[in-house]
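Residues per chain, in single letters:
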Amino acid sequence: ETITVQELAARMSMRAVDLVKELMKEGQMVTANATLDADTAQLVAEDLGHSVKRVSEADVEEGLEGAADKPEDMKPRPPVVTIMGHVDHGKTSLLDAMRQTDIVAGEAGGITQHIGAYQVDLGDNRKITFLDTPGHAAFTQMRSRGAQVTDIIILVVAADDSIMPQTEEAISHAKAAGVPIIVAINKVDKPDADPNKVRTDLLQHEIQVESMGGDVQDVEVSALKKMNLDALQDAILLQAELLELKANPDRPAEGAVVEARLDKGRGAVATFLVERGTLHRGDILVVGSEWGKVRAMHDDKGQQVKEAGPAYPVEVLGLDGVPEPGDKFNVVESEARAREVAEFRKRQRRDKAAAQTSGTSLEQMMAQLQDAEIKELPIVIKGDVQGSIEAIVGSLEKINTDEVRVKILHTGVGGISESDVILAEASSAPVIGFNVRANKQARDEAERNGVEIRYYSVIYNLIDDIKAALSGMLEPEL
Ligand code: GDP
């Protein structure tokens, strides 16, 4: 545990320069940015007449998550689905079409609200929750903050276009997250639709649909003509059954932020997805480094709701600041507790930003993986031509051993983009560029989040470095 001189000064309400002077008197030549260990910090603070109460992460976060749920308290919950696929393949159309299948939407008389997620009720206790920000950027950004709310990914592939670059990316994202895929072969109403080509092309990406002898479900649909949507929904519910999705609704709520923004009139507004428990109006909660009291909630049909159970998305008012998508929320017993946790996390985020130690360089990866059983080095590879990527992947496969291996999250032809970096970040992986560079957005994103980008123009050098990283991951022989 450490603290910077600056932060320590701030907590004692004194100027950093004055603290530096005090430290110098004690013979410590440090700057305001230097870090002190906890013992030194305590000595100095006590010398200056402060009483010290050490708060560690474990103390503050203690009990926040609550006890594990008993099996008998677990109740089935609706699946949470994200739609991914190449641009123009029909993600938005499919989301809209699915939404219209809700049997209560008309009755309720509410107006559709885009709150970032919606739930359709198909009757007979069959419900599905959709995240309605399609695409993988939102999905991966949430995952990189530790939230994995998606249970199932619908991969939309247009039958007249088959697999395209963003289809490949989506497959990589799903695999990296370990989320099962259902393939929706869309636009089958078009005369040039060729669903079988989609199925065969998928084989090359290690997706074997059922008719090809695999276990990935595929459904031919037309979002435009609203054809076969019920079959797609059946497939989703079947997959959900296989996943045995359950949650205990009778406990204080916890879950994740799907979307958040500042509304001029209403203040901070955030869409929550409850993962377990039930959220009530009046609940006090901490969310990321913000806290609040649930003043009002409404659903995607604009209806006020008093409570929200597992997988039921609601927009919440009453937070003191805007959280980030992917932030977790927990209901706590008092405002004091909520404030304490939020303030602690704010400090932590500041410290982290100041220290900029969150990196994912190859060296840090090695250190992180030191404890794991089978060691995996995740990487993202971008190259100038398919041939060189294949050569690199081939060589990397050869250096895998039983103990350590390279896990290729994604490969692609072309420059390094922001979405490559976001994907890498979510798995703490470096990005390798072979004869390609990163664009500005990608460099900025990498800089902000400490993702390492390494450039190579000689395959041999690349393989050598990875080999070195892998051997660093090996357990020392005893
Ligand atoms: P997104 O970029 O993946 O969200 O794709 P959109 O939903 O915006 O759809 C792109 C275009 O394809 C639009 O012009 C849609 O009308 C059209 N489209 C979507 N689904 C279908 C379909 O099932 N059949 C046909 N013929 N066109 C479709």
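Parameters at a glance
- Residues numbered from 1 in each chain as written.
- Predicted model: local features only at pLDDT ≥ 70, side-chain atom pairs only at ≥ 80, totals over all residues.
- Heavy atoms only, no water.
- Phe/Tyr/Trp six-rings, centres within 6.5 Å; stacked < 30°, edge-to-face > 60°.
- Helix = DSSP H or I, 4+ residues; strand = E, 2+ residues; numbered from the N terminus.
- Buried < 20%, exposed > 50% of the residue type's maximum accessible area, 1.4 Å probe, protein only.
- Arc of directions from axis to C-beta.
- Contact = heavy atoms within 4.5 Å.
- Polar contact = N/O pair within 3.5 Å; in protein donor to acceptor, adjacent residues only side chain to side chain.
- Pairing = 2+ DSSP bridges.
- Axes fitted to C-alpha atoms, helices over the stretch in contact; angles between N-to-C directions.
- Parallel < 35°, antiparallel > 145°, perpendicular 65-115°, else oblique.
- Nonpolar A, V, L, I, M, F, W, Y, C, P; charged D, E, K, R; others polar.
- Salt bridge = Lys/Arg side-chain N within 4 Å of Asp/Glu carboxyl O.

A. View of the packing of aromatic side chains. By the definition in use, this model includes 2 aromatic pairs. Aromatic pair Phe272 and Phe329: ring centres 4.2 Å apart, planes at 15°, arrangement stacked. In this pair, Phe272 is assigned in strand E12 (residues 267–276) and Phe329 in strand E18 (residues 328–332), connecting sequence segments 57 residues apart. With a relative accessible area of 0%, Phe272 lands in the buried category. Phe329 gets classed as buried once you look at its relative accessible area, which sits at 1%.

B. Seen up close, helix H2 (residues 16–25). Residues Ala16, Leu19, Val20 and Leu23 constitute the buried set of H2. Down the axis of H2, the buried set is contained in an arc of 105°. They therefore lie on one face. Across from the buried face of H2, at angles greater than 90 degrees, the exposed residues are Lys21 and Lys25. Looking at the buried positions of H2, the neighbouring elements they touch are helix H1 (5–11), strand E2 (35–37) and helix H3 (38–47). One or two positions beyond H2, positive phi appears at Gly27, with a value near 90°.

C. Main features of the side chain of Glu452. Within the secondary structure, Glu452 sits in the loop between helix H15 (440–449) and strand E22 (453–456). Since its relative accessible area comes to 17%, Glu452 is described here as buried. At a separation of 2.7 Å, a polar atom in the side chain of Glu452 contacts the side chain of Arg454.

D. Spotlight on the sheet that holds strand E4 (residues 80–85). Taken together, 6 strands build an open sheet; the order of strands is E5-E6-E4-E7-E8-E9 and the sheet is mixed. In the strand order of this sheet, the two ends are held by strand E5 (117–121) and strand E9 (218–220), each with one partner. Geometrically, the sheet is characterised by an average inter-axis angle of 30° between neighbouring strands, direction not taken into account. Across 6 bridges, strand E7 (residues 152–158) lies against strand E8 (residues 181–186) in parallel orientation. The residue bridging Val157 from the neighbouring strand is Ile185, located in E8. Contacting E4, strand E6 (127–131), E7, E8 and E9, helix H10 (residues 229–243) crosses the sheet at an angle of about 150° to E7.

E. Quick peek at the packing of helix H5 (residues 91–99) against H10. Two elements in contact, H5 and H10, have axes whose closest approach is 11 Å; the angle formed by their N-to-C orientations is 90°. Comparing the axis directions of H5 and H10 gives the class roughly perpendicular. Counted together, Leu94, Ala97 and Met98 of H5 and Leu229, Leu232, Gln233 and Ile236 of H10 form the full contact between these two elements. Class assignment of the residues belonging to the contact of H5 with H10 gives a composition of 6 nonpolar, 1 polar and no charged.

F. Quick look at the pattern of salt bridges. Summed over the entire model, instances satisfying the criterion amount to 33 salt bridges. A salt bridge links Arg126 to Asp234; the shortest N-O distance between them is 3.3 Å. Residue Arg126 is found in the loop between E5 and E6, and its partner Asp234 is found in helix H10; the two are separated by 108 residues along the sequence. The residue Glu315 makes a salt bridge to Arg261 at a minimum N-O spacing of 3.3 Å. Placement of Glu315 in strand E17 (residues 313–319) and of Arg261 in strand E11 (residues 254–263) is noted, with a sequence separation of 54 residues between them. Residue Arg261 is classed as partly exposed on the basis of its relative accessible area of 35%.

Coordinates in, geometry out; function isn't part of it.
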